[in-house]
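Examination of the molecular architecture
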Amino acid sequence: MSATTQRGRGQRGTGASLALHATLLAASAVAVFPVLWIVFISLGPDSAWQQPGQVIHHLGLSNYRFVLLHSGFPHWMLNSVIVAGATMVLGVFIAASAGYAISRMRFPGHRQLMWVFLVTQMFPVAVLIVPLYNLMARLDLLDSYLGLVLVYCTIAVPFCAWMLKGYFDTIPREIDEAGRMDGLSPFGTFWRLILPLARPGLAVTAFYSFLTAWGEVAYSSQFMKTHYTLAAGLPTYASSIRANWGAMTAGSVLIAIPAAVVFLLVQRHLVTGLTAGGTKG
Amino acid sequence: MTTATVERAERPGRPARSKEPGPGLLKSIARAWDRHWYAWAMVAPVVIVLGVLVLYPLGYGVYLSFTNATAQNVATDIGPVHVPASYHFVGLHNYWQILSGQDGDFYPRLEWTVIWTVACVGITYSIGLGMAVLLNRPMRFRLAYRLALILPWAVPAFVGVFAWRLMFNSQYGVFNDVINVVGLPSQDWLGTPFAQKVAVIIVNVWCGVPFMMVAILGGLQSIPNELYEAAEMDGASPLQRFTNVTVPGLRPVTSTVVLLSTVWTFNMFPIIYLLLGSNTSGDTDILVTFAYEKAFVGISDYAGAASYGIVILLILVAFSTFYRSRIKTEQS
C-alpha cells in the first residue's frame, strides 16, 4: 500500500527529475572524487602528484610494490588489524551487556551511567592523554596491543552502549518475559534471545568501534613506539626529508579500500541501527 | 517485565520494613545488592574500564592542572637514576593564565573554535538534510547515489585528510584547477590563515556529511506516510509539508545528532592537526589541537595542557546541559 502512495507522491516532471539527478550526481562526485584522486595518483610514478597529467602514460604499481615490500606497511597493517579487531570484539560485548542492563533493568545508577556515557564523548584528547600515558607507563602497557585496545574501548564503548540501549528498547519486552518463563537467567535471555535479534544494532556498533580504532591518530602515535598502527605509520612517509607522496597515496588506498568495501556492504544495517539508537537514546 | 520485577521485589520487602523501623545503612545496601546485583554485574565491565581509564586520568588531569608540571620537572628515570618529581602546587594559577588571556590567546582561539564548530555543524547538517530529503524518494540509481554519498564515512579520517592535503597543494593541487573551472581564483589553501580556515572546514564537512545524512535518512523513514497524505489532502504545498511535517518529525534525530556532532567537532583533533601539520601559523589551532601541541611539542607543558583540557571539558558540559534542558522544555 505504501508503495502505491509513494509512487503517487514521487511522480515528477522531466525537469524536476533532471534537477534531482543533476544535484545528486554533483554531490556524489564531490564525495567520491578525493578517493578516486588518490587511487589515480597512486598508480603513477612516485612524482605523479606533481604531474597528474603524466599518470595515464606511466601507469604502474611501483608505489604499491614499495609500500608492501620495502616499508613497514605490512607490519603496521597487522598491528592495526589486531588492535581494531580486539577493540571491536571487546567493545561490542561490554557495550551490549551494559546497554541491555540499562534498557531492561531499573537499578540505582542507571541514569547517572547514561549521563557518564554522554559526558565521556566530551573529553578532549588533551586532558586524558598525559595522565593516560603515565598510567600506561606504570602498568607497563605502553607500546602494547592491550593498552591501546583498552584506550580505544573508552572512546568506543560509551557511544556504542548508548546506541545499543536505544536499539534494545525497540525489541519487545515480551521476548524477555518468554525467555524468563522458559527458565533462562537474565544473562541467558540477553545472550540467547536478544543478541540475535539485535544483529543490525550490533553491526553498527561493531563497525563504529572498528573504524574508531582503525582511524585513531592521537593515542596511537604517542603510545606505540615500535608497534606502529597504520595511523601512526602512514605519516612517516611524509615526515622524511622528501615527502614520498607516491607511497603515501598507495598506503592510503590500501588502508581505505578494504574498510570502504566492508562498510558499504553493511551500510543497510547502519541506517536501521543508528536510527534506533539516535532517536531513542 | 519491569512491573513484574518491582512487584516481586517489593512484596516481601514491605512487611520487613514495617517490622524493623531502623534497618540501618548496611541492611539497605544488602537489600539493594540482592535486588540489583544482576544489573550491576552486567554493567560492571564498562564501569571498570571507564573508571580506570577515564575517571582516574581525569582526576589526575585535574590534579596536574593545579601544578606547574612540565617535561622537565616530572619524575623520570634516566638510565638507572631515578629523578624525583620537583613540580609543585600552584593553585588556580594555570586557570588564571588561561582566562586572563595571558596563556595561548585563549579568547581569539575560543572565538575561532566556536566559529569552526558552528560553521561545521551548520553546513554539515544543512547538506546532510538536503541529501537525505533527495534520497528519501523512489528513483533510479538510488542505491548507487547512496553508496557514493556514504563513501567519505567509510574512509578513515586520516586517509581522507591526506587526500585533501594533496588536492589542496598550492602548486600542483587539483583543487585549484577545479575551482578555476567554476571561475574562482586559485588560493594558497594551506598557506594563509584565512584560506587554511576555509580548507579545514571544507575537509571536516566532507568527512561529516555522511553521518548526518544517514541519521536524518533514518529519521525521515520513521515519519509515518499518513502524515504526508493528510497534509496533501489538506492542500499543503511541498514547502509547507516540509516545514510542518518533516521538520517536526525529525526533531528527535536532529537534537541528538546536533548535540553529538557539536561535541565531536569542538574536540575534532585529527583533521586540523594532520591537514596543516607543522605549517600552521597557530591561528588555525582550535582549543584541542593547541592543548595537544602544548603537551607534546617542544618542552611538554603537562599542567598547561591539562588545564586547557579541563576548560574545554567545562565548556562542553555547560553547553550540553543547557542544550538538553532547552530540548526538554521545548518537548513538554
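Quick caveat: nothing in here was measured; it's all calculated off a predicted structure.

**Focus on the overall build of chain B**
Regarding its fold elements, chain B presents 14 helices and 2 strands. With the C-alpha coordinates aligned to their principal axes, the bounding extent of chain B is approximately 85 × 80 × 35 Å. Counting over 332 residues, chain B shows a buried share of 47%. Restricting to contacts in chain B with at least 6 residues of sequence separation, those with at least 24 account for 66%.

**Looking at the overall build of chain A**
Scanning chain A for helices and strands turns up 14 helices and 0 strands. Sequence-ordered secondary structure for chain A, helices as α and strands as β, is α-α-α-α-α-α-α-α-α-α-α-α-α-α. Buried residues in chain A amount to 54% of all 281 residues. Counting contacts in chain A only where the partners sit at least 6 residues apart, residues at least 24 apart contribute 74% of the total. With the model as given, the accessible surface of chain A reaches about 11800 Å², and the carbon-plus-sulfur share is 66%.

**Regarding the UniProt feature "transmembrane region" (unreviewed entry) in chain A**
Residues and elements named next belong to chain A. According to UniProt, the "transmembrane region" (unreviewed entry) feature falls on residues 20–43, 76–101, 113–133, 145–168, 189–211 and 245–266. Counting secondary structure, residues 76–101 comes out at 100% helix and 0% strand; the distance between its end C-alpha atoms is 37 Å. With 81% helix and 0% strand, the stretch residues 113–133 has end C-alpha atoms that lie 25 Å from each other.

**As for the UniProt feature "transmembrane region" (unreviewed entry) in chain B**
Residue and element names in this part refer to chain B. Mapped onto this numbering, the UniProt entry annotates "transmembrane region" (unreviewed entry) at residues 37–58, 114–135, 147–167, 198–220, 257–276 and 302–323. Structurally, residues 147–167 is divided into 90% helix and 0% strand, and its ends, taken at the C-alpha atoms, are 23 Å apart. Across residues 302–323, helical content stands at 100% and strand content at 0%; the span's end C-alpha atoms are separated by 31 Å.

**Some thoughts on the interface of chain B and chain A**
Accessible area lost when the parts come together is the quantity often used to give the size of an interface. On the side of chain A, 106 residues touch chain B, which itself brings 93 residues to the contact. Buried surface at the junction of chain B and chain A, both sides included, amounts to about 8900 Å², of which 79% is carbon and sulfur. Our count for the contact surface shared by chain B and chain A stands at 11 residue pairs in polar contact (both at pLDDT 80 or more). Partitioning the side of chain B that touches chain A into residue classes produces 73 nonpolar, 13 polar and 7 charged.

**So, the side chain of Ser252(A)**
Its location among the elements puts Ser252(A) in helix H14 (residues 245–280). In this structure the side chain of Ser252(A) is engaged in a polar contact, spanning 2.8 Å, whose partner is the backbone oxygen of Met248(A). Excluding anything up to four places from it in sequence, Ser252(A) contacts Ile38(A), Leu234(A), Val159(B) and Phe162(B).

**Remarks on a positive patch on the surface**
Where like charges cluster on the molecular surface, the positive patch consists of Arg106(A), Arg111(A), Arg324(B) and Lys328(B). On the secondary structure map, Arg106(A) appears in the loop between helix H4 (73–104) and helix H5 (110–120). On the basis of relative accessible area, Arg106(A) is assigned to the partly exposed category, the value being 43%.

**Observations regarding empty space enclosed by the protein**
Empty space left among the atoms is revealed by rolling a probe the size of a water molecule over them. Tallying each qualifying case throughout the model produces 4 cavities of 30 Å³ or more. Along its surface, the largest cavity is lined by 46 residues, and Tyr208(A), Thr212(A), Trp264(B), Met268(B) and Pro270(B) are the ones closest to its centre. For the lining of the largest cavity, the element with the highest residue contribution is helix H10 (residues 199–215) of chain A, accounting for 6 residues. Residue classes in the lining of the largest cavity are distributed as 34 nonpolar, 11 polar and 1 charged.

**Some details on the state of the cysteines**
The bond known as a disulfide is covalent and runs between the sulfur atoms of two cysteines. By the definition in use, this model includes 0 disulfides over all chains. We note that Cys160(A) lacks a disulfide partner, and the nearest cysteine sulfur, in Cys153(A), lies 8.9 Å from it. Cys120(B) takes part in no disulfide bond, and the closest cysteine sulfur, belonging to Cys207(B), lies 10.0 Å away. Since its relative accessible area comes to 1%, Cys120(B) is described here as buried.

**Observations concerning helix H9 (residues 186–197) of chain A**
Owing to its 3.6 residues per turn, the α-helix brings residues three or four apart onto one side. Relative to the 16 Å expected for 12 residues at 1.5 Å per residue, H9(A) spans 15 Å between its end C-alpha atoms, a close match to the ideal helical length. Those residues of H9(A) lying buried are Pro186(A), Gly188(A), Thr189(A), Phe190(A), Ile194(A) and Leu195(A). Packed against the buried residues of H9(A) are H4, helix H7 (145–169), helix H8 (173–181) and H10 of chain A together with helix H2 (24–65) of chain B.

**Some points on the pattern of salt bridges**
Note on pairing: side chains with opposite charge can pair once their charged atoms come close. Counted under the stated rule, the structure contains 3 salt bridges over all chains. For Lys165(A), the salt bridge identified is with Asp169(A), shortest N-O distance 2.9 Å. Pair noted here: Lys165(A) and Asp169(A) are both in helix H7, with a separation of 4 residues, about one helical turn. In this structure Asp169(A) comes out as partly exposed when scored by relative accessible area, which is 32%. When the shortest N-O distance is used, the salt bridge between Lys294(B) and Asp301(B) registers 3.6 Å. Since its relative accessible area comes to 22%, Asp301(B) is described here as partly exposed.

**Side note on the domain arrangement of chain A**
Residues and elements named next belong to chain A. By the assigned domains, chain A splits into domain 1 (23–59) and domain 2 (72–274). Between the C-alpha centres of domain 1 and domain 2 there is a distance of 31 Å. Domain 1 puts 6 residues into the contact, and the matching count from domain 2 is 8 residues. In total, about 620 Å² of surface goes out of reach between domain 1 and domain 2, with carbon and sulfur atoms giving 72% of it. The interface formed by domain 1 and domain 2 includes 0 salt bridges. At the boundary of domain 1 and domain 2, one finds 0 residue pairs in polar contact (both at pLDDT 80 or more). A per-class count over the side of domain 1 that touches domain 2 returns 4 nonpolar, 1 polar and 1 charged.

**Description of the packing of aromatic side chains**
Per the stated rule, a full pass over the model turns up 39 aromatic pairs over all chains. Arranged with centres 6.2 Å apart and planes meeting at 40°, the rings of Phe66(B) and Phe89(B) form a pair that is tilted. With a gap of 23 residues between them, Phe66(B) in the loop between H2 and strand S1 (76–78) and Phe89(B) in the loop between strand S2 (81–83) and helix H3 (93–99) connect regions that are remote in the sequence. Residue Phe66(B) is classed as partly exposed on the basis of its relative accessible area of 23%. Linked through ring pairs, Phe93(A), Tyr100(A), Phe168(A), Phe187(A), Phe190(A) and Trp191(A) together constitute an aromatic cluster. Its guanidinium or amino end placed over the ring of Phe290(B), Arg109(B) lies 4.0 Å from that ring's centre, counting from NZ or CZ.

**Focus on the confidence of the model for chain B**
Averaged over every residue, the pLDDT of chain B is 83; residues scoring 70 or more account for 91%. This model gives residues 1–21 of chain B a pLDDT under 50, and the stretch forms 11 contacts once residues within four places in sequence are excluded.

Conventions adopted
Residues numbered from 1 in each chain as written. Chains lettered and ligands numbered in written order. Predicted model: local features only at pLDDT ≥ 70, side-chain atom pairs only at ≥ 80, totals over all residues. Heavy atoms only, no water. Helix = DSSP H or I, 4+ residues; strand = E, 2+ residues; numbered from the N terminus. Buried < 20%, exposed > 50% of the residue type's maximum accessible area, 1.4 Å probe, protein only. Contact = heavy atoms within 4.5 Å. Areas by Shrake-Rupley, 256 points an atom, 1.4 Å probe, with all protein chains shown as cover. UniProt positions renumbered as here; feature names shortened; annotations may be inferred. Buried area = accessible area lost by both parts, 1.4 Å probe. Polar contact = N/O pair within 3.5 Å; in protein donor to acceptor, adjacent residues only side chain to side chain. Nonpolar A, V, L, I, M, F, W, Y, C, P; charged D, E, K, R; others polar. Patch = residues over 30% accessible without salt bridge, like charges linked within 9 Å, V, L, I, M, F, W, Y side chains within 5 Å. Salt bridge = Lys/Arg side-chain N within 4 Å of Asp/Glu carboxyl O. Lys, Arg positive; Asp, Glu negative; His and termini not counted. Charge placed at Lys NZ, Arg CZ, Asp CG, Glu CD. 1 Å grid on protein atoms, 1.4 Å probe; cavity = no way out; pocket = protein on both sides within 12 Å on 5 of 7 lines; lining within 4 Å. Points joined across faces, edges and corners; volume = space filled by probe spheres on them. Disulfide = S-S within 2.5 Å. Expected span 1.5 Å × (residues − 1). Domains from an automatic or database assignment. Phe/Tyr/Trp six-rings, centres within 6.5 Å; stacked < 30°, edge-to-face > 60°. Lys NZ or Arg CZ within 6 Å of the ring centre and 35° of its normal. pLDDT = per-residue confidence, 0-100.

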